[in-house]
Structures are given as structure tokens and as C-alpha cells.
Amino acid sequence: MKKVVSVFMTAILIAIPVTPAFALTNPDTVKEKAQEQASKIVSDYGASGLQYAIRDHGSIVLSGSAGVYDKETKSPITEDTMFGIGSVSKMYVTAATMMLADSKKIDIDKPLTTYIKDFKMADKRYKQITPRMLMNHSSGIYGSQYGNSFLFEDNDTKNHDELLVRLQSESLKSTPGEFSVYCNDGFQLLEILIERVSGLRYSEFLVTYISDPLQLISTKTPLDSFDRDRLIKTYYPGVDQALPVENANLLGTGGLYSTAEEVTEFAEVLIGNRTDILSEKSVKAMQSHEYRKGVWVPEETNSINYGLGWDAVRLAPFSDYGITALFKGGDTIMYHAALVTLPEHDITIAVLSSGGGSTYNSLAASNILLEYLRAKGTIKEILPEKTFEPPVKVDMPSDMLAYSGLYGSVGKTVKLEIKNGEIHSPDLAFEGLPPQKYVYTGNGQFINNDGNATISFDRAKNGKTYLKLNAYINNPGLGQSFSVSYEFQKLASNPLKQSMKTVWENRDGKKYYALDEKITSVMYLNNALVTKTISVDISHGYASGTKIVDKNNAVNVIQIPAFAGRDAFDLNFYQKNQKEYVKINGLSYISEDAIPTFNDGKDSLCIIPSDGQARWYKIDAKSANRVMNVETPESGGFAVYDKNGMTVNFSKASNKHSVVLPESGMIVFGGNAGDVFKINLKNK
């Protein structure tokens with residue numbers, strides 16, 4: 001939720017006039033609001049280009065864009081410019097699953113093993129998982145097998161092809177159906193389900209049963225043949241040119257490309273206007289309040305409340321107006337998307353961007369839709385933003401002290417101490433709220449100094465205690481984002497024997513580097529995405545939020561509904577040739593202690609080993625500040641990072657094969673097994 005300022009972008013807006021069939025009291029206010037919101041995301045929130053469209057009763061009534069298609073040429077975005085739509089893709093695989101249910105080929109409440117015979121997991125409870133649980137995020141599966149999924153100009157299906165094998169060694173975080181927490185792997189399994197039942201590759205199914213009937217010519221997957229020049233250019237900080245095309249090879253989870261107008265056309269299926277494609281019964285089922293079936297944050301007004309596929313089936317702030325709004329957001333590394341539809345009013349908006357974030361797109365979508373509803377006379381006025389006063393501290397009951405203790409979420413543990421009616425909390429809402437003090441104001445609530453965030457404690461029906469956050473976060477120019485969420489789960493201390501303490505203390509703060517990620521991976525743009533830093537809480541017996549069970553293994557114990565419990569993992573350390581590695585979600589990482597120093601000679605070779613794993617090197621003082629020229633095989637590439645982990649050069653993104661080596665930095669080479677890199681070092 002951090003803001004990224006982009007001062008180099010020029011806003012260009014293209015607007016299609018509102019058609020007479022949907023006459024508005026003042027159509028100019030809708031165009032102005034759309035222009036204002038789109039331009040703000042481009043100027044202040046990191047997008048290079050953005051596209052939006054509103055569809056009302058089947059017709060496009062407003063379509064426009066901001067920013068540029070290409071920063072070098074300053075060429076504009078048109079309604080035909082394509083974007084990646086990230087997790088909005090989940091709505092397509094959900095609709096496809098429900099289409100199979102309509103045709104009686106599947107029952108969404110039968111075990112998944114009925115349709116995917118070779119689906120197995122290490123936890124025997126996997127046999128309880130149903131297609132419904134995949135669609136409402138309640139399967140209990142850890143979360144996301146991201147390895148080798150976001151690739152530059154590479155549509156390798158490795159992630160799809162290996163998913164079932166990877167899941168065989170994975171446990172479950174909870175009993176299937178116990179609670180819903182965002183889970184990407186569930187939608188990958190739906191993709192496989194569709195292929196097994198229909199006999200078609202998923203891309204072919206989409207064309208046959210969705211794109212062709214809807215006459216969608218711009219909705220594609222990385223496996224489809226189409227003109228890649230139609231995709232908006234993407235950019236990344238530190239890379240001074242447009243990047244190669246990002247392929248999100250998680251098709252069911254987030255792999256589709258489309259346009260804003262075509263996304264709204266597909267939404268006609270989702271709101272029941274194309275019963276020739278999806279039945280009214282299935283449409284209603286997808287909008288059901290699935291989140292209520294398990295452990296959930298009790299408040300009804302929220303930005304997240306799962307249906308089948310939908311992130312929200314009762315989206316705030318529309319619920320404040322008595323309007324049902326459905327929402328799905330989506331993010332890849334490069335692309336971001338938001339889809340909001342009002343089924344009772346037959347109105348849909350889609351906002352797509354290169355850069356930025358789905359949070360900003362969804363705020364803009366809501367703001368534009370509210371202005372559209374006001375201009376139509378559907379609502380009389382737009383409600384003002386919430387205002388807040390500093391809290392008034394009161395005496396705290398002594399029983400509140402019992403909530404002090406150890407808390408955790410995926411990836412970390414924190415010690416929360418309640419003292420003198422105050423809590424000093426770490427960052428919350430995915431860094432949307434910085435670390436700060438909260439004071440007791442009565443009714444079990446602690447409020448921050450600005451008055452916009454309240455924390456309290458809930459003991460849920462599963463017996464677990466959660467720290468609950470109720471927060472309004474200001475996004476200048478885009479308004480307030482609002483959510484109620486469980487942020488942390490109270491944990492029991494896990495005392496360690498001294499022998500175990502010694503082993504784990506040696507891992508605290510240590511970095512481990514990815515070995516199995518293809519060199520075409522977009523992840524190499526950011527060292528943090530291909531590096532795992534282990535944080536050990538020795539006094540309580542946890543490592544990076546996982547519970548230590550022996551010298552080499554730690555397991556997930558986090559069971560937080562909605563979002564903070566997503567993408568869980570175990571840590572499994574092992575030794576090979578006297579070097580330490582860790583396996584996370586089936587992928588191997590090598591300890592920084594085991595990484596050799598880069599050869600400081602004039603000429604050298606680097607050869608990718610037979611297992612195809614990447615090769616990492618440290619840059620010492622002898623090699624630093626020298627120019628490295630690399631003769632790179634076609635299938636190979638390399639990345640160089642400085643001592644702070646910032647990318648100096650990633651050859652697959654920049655196509656540059658010469659770089660000045662930074663002192664105390666890192667180099668990684670990757671490619672196919674047997675690939676040879678010829679390296680020359682020379683002084684500047």
C-alpha cells in the first residue's frame with residue numbers, strides 16, 4: 001500500500017461520450033471524475049498507463065485511459081490496448097467450473113479427487129476438499145506455488161505441470177471448510193479440473209466456451225497466439241527501458257490478458273445477462289456469502305467478504321448505500337486490475353493498469369461508479385469521508401492484560417505488551433499503517449493517535465485469539481480505503497532445548513538464495529523476491545513465523561482468515577556436500593555461507609550444472625568496480641545486485657551483458673543445464 005511517485009508520466013485521457021440511452025443529469029461530472037482518478041494513479045501511485053470502461057445495461061457508456069502505452073514514443077493507450085488482469089482471471093476459471101456444474105459434469109460439493117484422481121497431499125484431510133472450497137478459499141491449502149510462474153517472454157507450463165507433484169508433500173493449514181483465506185493454488189487446481197473433465201487445455205476451453213460466444217478478441221492467455229505489441233509496455237524502477245512481456249503462467253490464478261471493455265463484457269456472464277453461457281442458478285451461487293460458513297471477522301461492512309471467486313460480495317462503501325457490489329482485484333508483478341459490478345443495477349466498471357496496484361484501481365473504480373450513480377439519480381449524494389478525533393484514554397480493566405503475549409502472522413512473530421492502557425503495535429494492514437501507539441478507550445478497544453485505526457481482540461469459535469484491526473486509510477486523491485481484518489494470531493511459547501537453540505541461532509538473519517527459479521523469471525528484478533531471510537525468535541521457539549519442531553524443521557501454525565494467513569509455508573533445512581539449504585514450498589535455497597566468491601581473474605567460465613539450478617556468487621573487493629562482460633547463451637541470463645539488494649543489471653530485462661560489479665554485491669547465473677557463460681573482467 002506504499003505510494004510510488006512517478007513524475008515522468010504524461011496523462012492522456014480518451015473518453016467516449018455517454019450514450020443518449022443512459023442520459024445523465026450531468027455526464028461531464030462522470031468524465032471529470034474518471035479523468036481525475038485515472039490521472040492521479042498515473043501521477044502519484046506508480047502506474048505508467050491505465051485503462052477503464054463502464055458498461056451499463058450491456059452498452060459501453062464511458063471508456064478512457066491515462067498515461068501512455070509506451071514512455072519512449074509517448075504513444076497513447078486506446079480501447080484496444082491489452083493489459084494483464086492478474087487475479088481477475090479467477091473469475092473466468094470460477095465461471096468455467098460453474099459451467100461444468102451446469103452441464104452436470106461435476107458436482108462442486110463432491111471431493112476434488114472424484115475429478116482429479118492423482119490429487120494427493122501429505123495431510124489425509126485433503127480428501128475432504130471440494131471444488132466449492134477451492135472457489136471460496138476454504139480448502140486449507142497453504143496458498144501459492146509461485147515458482148517459475150511469472151516469466152519474461154516465456155510461456156513454460158512448468159508451474160502447472162508440477163503442481164500436483166509439489167502438493168503431494170504439502171500439509172494443510174486447517175481442516176477443509178473451517179475458514180476462508182486467500183489461496184492461489186486452489187484456482188490452479190480448478191484449471192486442472194477443467195482440463196481433466198472437459199478434455200481441453202484450459203486456454204482452448206476459454207476460447208470455445210467464453211471468448212467465442214462473447215466475441216472477445218482481446219482476451220488471451222500466454223499460451224495463445226496474438227500480437228504481443230498490443231500489450232501495454234511495462235516498467236520497473238532502476239530499469240531505464242520497457243520490459244519484455246510478462247507471462248503469468250498461472251492461467252487459472254492470474255494469467256489472462258484483456259482490455260477494460262472486454263472485462264466488462266465478460267462481467268455480463270457473471271451478473272446473469274448471458275444465461276446461454278452461465279445459468280442464473282450458478283450466477284446466484286457465485287454471489288452467495290460463502291465467507292460466513294467458517295471463522296470470519298464478525299463485521300459485515302468490509303472490503304473483503306468472499307463468494308465463489310469474488311473477493312467481495314458485499315463491498316464497502318456501496319453497502320452503506322444499500323447497494324450490492326461485487327468485487328475482484330488482481331495483481332501480477334507488472335499488471336494490476338479491479339472489477340466492480342452492481343448486479344441489481346446492471347452496471348460494471350473495470351480499471352486496468354501497468355504499474356500501480358489493484359488497491360488504487362479499486363478505489364478509483366468505486367469513486368467513479370458512485371459519481372455515475374449520482375449522475376443517474378440512483379443515489380442522491382455521495383457520503384462524506386469519515387473524520388476522526390484523537391482518542392480519549394480511559395482506565396483499562398486489569399483483565400485486558402491477559403491479551404499481552406506472543407502473536408504471529410505468516411512470516412513473522414511479534415511480542416505485544418499491554419501496559420498502562422497502551423499497546424505499541426508493529427505495522428499493520430500490509431504496511432498501510434506504520435508502527436505506532438494505541439491507547440485504551442473502553443469497550444475492549446485501543447485507538448491510534450489519529451483516530452482512524454482501532455485494534456481489539458477476538459476469541460473466535462475455533463478457540464484462537466486474534467488481534468482485530470478496524471481501519472480507514474487515507475490515499476490522497478483517491479480517498480479512504482476501509483477494512484476490518486484479523487492481523488495476528490495469539491501463539492503459545494515453544495521452549496527449545498539448548499542444542500536446538502544453538503542451531504537456530506546460527507540461522508537468525510541469514511539469507512538463502514533461490515536455486516530453482518528460471519532465469520527468465522520476473523522475480524530476478526528484485527533480489528528480495530529470490531531471497532529468503534530467516535528471522536528466528538529463539539526465546540519463543542519460532543522462525544519466520546513458523547513453529548520450530550526440531551533442528552532442521554519448522555511448521556506453519558498460522559490460521560488467520562481472509563488475508564493475513566495467506567501463503568503459508570514450512571521451513572525444511574538440509575545438508576548437501578557440507579552446505580546448508582532450505583526447502584520452502586518445494587523449492588530449494590542455498591545459504592549465503594555456502595556461496596563462493598566470484599572469480600577475480602581476467603577470464604573465466606560459469607557452467608549451469610546438470611540439475612539446472614542457478615549459480616550464485618559473492619562479489620569481493622578484488623572483483624568490485626571492474627567491468628564484467630558476459631558472452632551469454634541464448635537460454636541463459638544473469639543478474640547483479642548491490643550490497644543493499646538493489647538490482648544493478650538483469651540481462652533478461654535489459655538485454656545488457658556488460659556491467660560494473662558493485663562491492664559486496666551478488667551475481668546469479670541461470671539457464672539450461674550445461675549452458676556455458678564466458679566471462680571477461682577488466683578494469684574500468
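Up top is the structure.
Here we summarise the structure given alongside this text. (Residues numbered from 1 in each chain as written. Predicted model: local features only at pLDDT ≥ 70, side-chain atom pairs only at ≥ 80, totals over all residues. Heavy atoms only, no water.)

**Let's talk about a nonpolar patch on the surface**
Heads up, the rule is: Surface patches are defined over residues having more than 30% relative accessible area and no salt bridge, joining like charges when they lie within 9 Å and nonpolar side chains (Val, Leu, Ile, Met, Phe, Trp, Tyr) when within 5 Å. Surface accessibility follows the Shrake-Rupley procedure with a 1.4 Å probe radius. Residue values consider only the protein chains on display as shielding. A pair is scored as a salt bridge if a Lys or Arg side-chain nitrogen falls within 4 Å of a carboxyl oxygen belonging to Asp or Glu. For helices the rule is a DSSP run of H or I covering at least 4 residues; for strands it is a run of E covering at least 2, with both sets numbered from the N terminus onward.
Among the surface-exposed residues, L605, I607 and V676 lie close enough to one another that they form a single nonpolar patch of about 250 Å² accessible area. With respect to the secondary-structure elements, L605 resides in strand β28 (residues 603–607).

**Concerning helix α6 (residues 202–214)**
Put simply, the rule is: Each helix should span, by expectation, one fewer than its residue count multiplied by 1.5 Å. Throughout, the bend at a residue refers to the angle made by two axes, fitted to the seven residues ending there and to the seven starting there. Throughout, exposure labels follow a simple rule: accessible area from a 1.4 Å probe, protein chains only, divided by the maximum for the residue type, with under 20% read as buried, over 50% as exposed, and the rest as partly exposed. Whether two residues are in contact is decided by their heavy atoms: any pair within 4.5 Å suffices.
Between its first and last C-alpha atoms α6 spans 17 Å; for 13 residues at 1.5 Å apiece the expected length is 18 Å, and the two agree. Maximal helix bending in α6 amounts to about 35 degrees, located at T208. Buried within α6 we find Y202, S203, F205, L206, I210, S211 and L214. Turning to α6, the residues buried within the fold contact α2 (90–102), α5 (184–198), α7 (251–254) and α8 (260–270). Two residues or fewer after α6 comes Q215, characterised by a positive phi angle close to 60 degrees.

**Quick look at the environment of F430**
Among the secondary structure elements, F430 is positioned in the loop between β13 (422–425) and β14 (436–442). Taking relative accessible area as the criterion, F430 reaches 53% and is therefore assigned exposed. Remark: the alpha-carbon pair of F430 and G451, spanning 21 residues in sequence, is separated by 19 Å.

**Side note on α5**
Between its terminal C-alpha atoms α5 stretches 22 Å, which fits the 21 Å expected from 15 residues at 1.5 Å a residue. For α5, the set of buried residues is N184, D185, G186, F187, Q188, L189, L190, E191, I192, L193, I194 and E195. Just downstream of α5, G199 is the residue with a positive phi angle, here 80 degrees.

**Looking at the packing of aromatic side chains**
As a reminder, the rule being used: A pair of aromatic rings is counted whenever rings of Phe, Tyr or Trp (Trp by its six-membered ring) have centres within 6.5 Å, and the orientation is called stacked for planes under 30 degrees apart, edge-to-face for over 60 and tilted otherwise.
For the structure shown, the criterion picks out 29 aromatic pairs. Geometrically, the ring pair formed by Y257 and Y335 is edge-to-face, given 6.4 Å between the ring centres and 85 degrees between the ring planes. Taken together, the residues Y257 in strand β6 (residues 257–258) and Y335 in strand β8 (residues 335–342) connect sequence positions 78 residues apart. Here Y257 falls in the buried class, since its relative accessible area comes to 1%. Considering the side-chain rings of Y472 and F482, the 4.4 Å spacing of their centres and the 35 degrees angle between planes classify their relative orientation as tilted. Here Y472, found in strand β17 (residues 465–475), pairs with F482, found in strand β18 (residues 479–490); they are 10 residues apart in sequence, far enough to count as distant.

**Overview of the sheet that holds strand β19 (residues 511–514)**
Note the following rule: At least two bridges found by DSSP between two strands are what make those strands a pair.
Taken together, the nine strands give an open sheet; going across it, the order is β20-β19-β27-β26-β25-β24-β23-β22-β21, and neighbouring strands pair in antiparallel fashion. Single-partner strands in this sheet number two, and they are β20 (531–533) and β21 (536–537). With five bridges connecting them, strand β25 (residues 571–576) and strand β26 (residues 579–584) associate as antiparallel partners. Bridge assignment links N572 to a residue of β26, and that residue is K583.

**Here we look at the packing of helix α1 (residues 27–44) against helix α10 (residues 358–376)**
Note the cut-off: Interaxial angle, 0 to 180 degrees, is taken between N-to-C directions of lines fitted to C-alpha atoms, where a helix line uses only the stretch in contact. To sort the angles, those under 35 degrees are grouped as roughly parallel, those over 145 as roughly antiparallel, those from 65 to 115 as roughly perpendicular, and the leftovers as oblique. In this classification, the charged set is Asp, Glu, Lys and Arg, the nonpolar set is Ala, Val, Leu, Ile, Met, Phe, Trp, Tyr, Cys and Pro, and all remaining amino acids, among them Gly, are polar.
Where α1 meets α10, the axes come as close as 9 Å, and the angle between the chain directions of the two elements is 170 degrees. Compared by their axis directions, α1 and α10 come out roughly antiparallel. Touching T29, V30, K33, A34, Q37 and I41 of α1 are Y360, N361, L363, A364, N367, I368, E371, Y372, R374 and A375, all from α10. Classifying every residue of the contact of α1 with α10 by side-chain character gives nine nonpolar, four polar and three charged.

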